[in-house]
Amino acid sequence: MRAFLAKHRELLRFAVVGGASFLITTAVTYVLKFTVLRENPVTALIVGVLVATIFSYVANREWSFRTRGGRERTHEAALFFVISGIALGLNALPQWISRYVLDLREPHLSLFGQEAADFVSGMIIGTLLGTLFRWWAFKKWVFPTEGARLRAVKTSDEPDVSGREAA
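Bear in mind that the values here come from a model prediction, so they are computed numbers and not experimental data.

Reading the values: the criteria
- Residues numbered from 1 in each chain as written.
- Predicted model: local features only at pLDDT ≥ 70, side-chain atom pairs only at ≥ 80, totals over all residues.
- Heavy atoms only, no water.
- Helix = DSSP H or I, 4+ residues; strand = E, 2+ residues; numbered from the N terminus.
- Buried < 20%, exposed > 50% of the residue type's maximum accessible area, 1.4 Å probe, protein only.
- Contact = heavy atoms within 4.5 Å.
- Areas by Shrake-Rupley, 256 points an atom, 1.4 Å probe, with all protein chains shown as cover.
- Phe/Tyr/Trp six-rings, centres within 6.5 Å; stacked < 30°, edge-to-face > 60°.
- Core = buried A, V, L, I, M, F, W, Y, C linked by side-chain atoms within 4.5 Å.
- Polar contact = N/O pair within 3.5 Å; in protein donor to acceptor, adjacent residues only side chain to side chain.
- Expected span 1.5 Å × (residues − 1).

Peer 1: An account of the overall build of the chain is needed here, citing residue identities and associated values.
Peer 2: Along the backbone of the chain there are five helices and zero strands. The 167 residues of the chain split such that 39% are buried. Across the chain, contacts joining residues at least 24 apart in sequence account for 75% of those joining residues at least 6 apart. As presented, the chain carries roughly 9700 Å² of accessible surface, and 69% of it is formed by carbon and sulfur atoms.

Peer 1: Please give an account of the packing of aromatic side chains that cites residues and values.
Peer 2: Centre-to-centre distance and the angle between the planes together describe a pair of aromatic rings. Evaluated as defined, the whole model comprises 14 aromatic pairs. Centre to centre, the rings of Tyr-57 and Phe-81 are 5.5 Å apart; their planes meet at 45°, and the pair counts as tilted. On the criterion of sequence distance, the pair formed by Tyr-57 in helix α3 (residues 41-64) and Phe-81 in helix α4 (residues 73-101) is long-range, its members being 24 residues apart. Through pairs of rings, three or more aromatic residues link up here, namely Phe-14, Tyr-57, Phe-65, Phe-80, Phe-81, Trp-135, Phe-138 and Phe-143.

Peer 1: A description of the nonpolar core should follow, citing residues and the corresponding values.
Peer 2: Listed in full, the 12 residues of the largest apolar core are Phe-14, Tyr-57, Phe-65, Ala-77, Phe-80, Ile-83, Ala-87, Phe-133, Ala-137, Phe-138, Val-142 and Phe-143. At the level of secondary structure, the elements contributing two or more residues to this core comprise α4 and α5 (111-142).

Peer 1: So what about the side chain of Thr-29? Which residues, and what values?
Peer 2: Along the chain, the position of Thr-29 falls in helix α2 (residues 9-33). A distance of 2.6 Å separates a polar atom in the side chain of Thr-29 from the backbone oxygen of Thr-25.

Peer 1: Summarise the environment of Arg-61; cite the residues concerned and give the values.
Peer 2: Structurally, Arg-61 is set in helix α3. Given the relative accessible area of 9%, Arg-61 is considered buried. C-alpha separation for the pair Arg-61 and Ala-77, spaced 16 residues apart in sequence, amounts to 9.3 Å. When neighbours within four sequence positions are excluded, Arg-61 is seen to be in contact with Ser-56, Arg-66, Arg-73, Glu-76, Phe-143 and Arg-149. Within polar-contact distance, the side chain of Arg-61 engages the side chain of Glu-76 at 2.5 Å.

Peer 1: Account for α2, naming residues and giving values.
Peer 2: The terminal C-alpha atoms of α2, which comprises 25 residues, lie 35 Å apart, in line with the 36 Å expected from a rise of 1.5 Å per residue. Against the buried residues of α2 lie α1 (2-7), α3, α4 and α5.

So this is what it looks like as structure tokens:
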């Protein structure tokens, strides 16, 4: 089991950051959706995803992909946010289709049915689409090179990738 966890460390960390980002997205989306953006649920979702994306950049760069790099920081950040923007569109698309193409909203549905459709389409299906795209795109373009950023201090659960002894 330890070998499996070590082999898939980046993916597991990415999943933890994604879980935290999902909670941030959900909290911000529903606060906005039930207050100032009552008539604009897709906009509320987009704002929630944007707030979580800022958290996600810092957490992914400094934790999930901390040994990866290969780009100047400004180039890396620009790519991260461009890819996150594309993922945001993928995240919002299922809810937009649910609301405006399939018309799964009041008065055709009860308020509960509308909210259930929004949650499944935006928070579940949209999040899965966006997450799969982000995982692939971050590894391919944002943090392409393994071992590019060497850690100053080796942690006890990871091998030293630099070949030097930890200070």
